[in-house]
Amino acid sequence: MGQKQGVEARGEGRGDTVSGPSPFDDLPEECISNIISLTSPRDACVVASVSKTFRSAVDSDFIWEKFLPPDYASLILGSRVFSSKKELYFALCDHFLIEDGKKVYTYVFNIRYMCL
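What comes next is a walk through the structure. Computed from a prediction, not measured in an experiment: that's the story for all the values here.

So, the pattern of salt bridges
Any two side chains of opposite charge can pair, given that their charged atoms come close. Under the counting rule described, the total for this entry stands at two salt bridges. A salt bridge links aspartate 59 to lysine 86; the nearest nitrogen and oxygen atoms lie 3.1 Å apart. Taken together, the positions of aspartate 59 in the loop between helix H3 (52–58) and helix H4 (61–67) and lysine 86 in helix H6 (residues 85–93) put the pair 27 residues apart, joining distant regions of the chain. Its salt-bridge partner being lysine 85, residue glutamate 65 comes within 3.6 Å of it at the nearest N-O pair. Linking glutamate 65 in helix H4 with lysine 85 in helix H6, this pair joins segments that are 20 residues apart in sequence.

What about helix H1 (residues 29–37)?
Every buried residue of H1 is accounted for by Ile32, Ser33, Ile36 and Ser37. For H1, the buried positions fall inside an angular range of 130 degrees around the axis, keeping them on one side. Of the surrounding elements, those touching the buried residues of H1 are helix H2 (41–47), H3 and H4.

Some points on H6
Among all positions of H6, only Leu88, Tyr89, Ala91 and Leu92 are buried. Projected down its long axis, H6 shows its buried positions confined to an angular sector of 165 degrees, all on one face.

Some details on the packing of aromatic side chains
The final tally for this structure, using the stated rule, is five aromatic pairs. Here the aromatic rings of tryptophan 64 and phenylalanine 67 are separated by 5.2 Å at their centres, their planes lie at 80 degrees, and the arrangement is edge-to-face. Taken as a pair, tryptophan 64 and phenylalanine 67 lie in helix H4 at a separation of three residues, close to a single helical turn. We classify tryptophan 64 as buried; its relative accessible area is 0%. Residue classification places phenylalanine 67 among the buried residues on the basis of a relative accessible area of 0%. Clustering of aromatic rings is evident, with ring pairs tying together Trp64, Phe67, Tyr89 and Phe90.

Thresholds applied
Residues numbered from 1 in each chain as written. Predicted model: local features only at pLDDT ≥ 70, side-chain atom pairs only at ≥ 80, totals over all residues. Heavy atoms only, no water. Salt bridge = Lys/Arg side-chain N within 4 Å of Asp/Glu carboxyl O. Helix = DSSP H or I, 4+ residues; strand = E, 2+ residues; numbered from the N terminus. Buried < 20%, exposed > 50% of the residue type's maximum accessible area, 1.4 Å probe, protein only. Arc of directions from axis to C-beta. Contact = heavy atoms within 4.5 Å. Phe/Tyr/Trp six-rings, centres within 6.5 Å; stacked < 30°, edge-to-face > 60°.

In structure tokens, the structure reads:
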């Protein structure tokens, strides 16, 4: 995982700042990714701000693959290329046309909408 990032915390409401290594920096990134993948896309985006280690874990395709619908590959137009599963997830959340423009599709985590 590399260099420890460190953590700052305020002590007992007095405004004291405590700096030191984060206990999460000792966990393998794969472990952090597994834990985050059990949450929601919103939670993943929130924990990405905790540390660089968490941000790196949240950016992994492993997590975003878990958030995608099982049939996501059939929804992607052949000419469309995504740099990551995270980018694909957010593209699916925005509505787009499928089935030769006959249906509109949008995805919300664990809920999908298709309109004629």
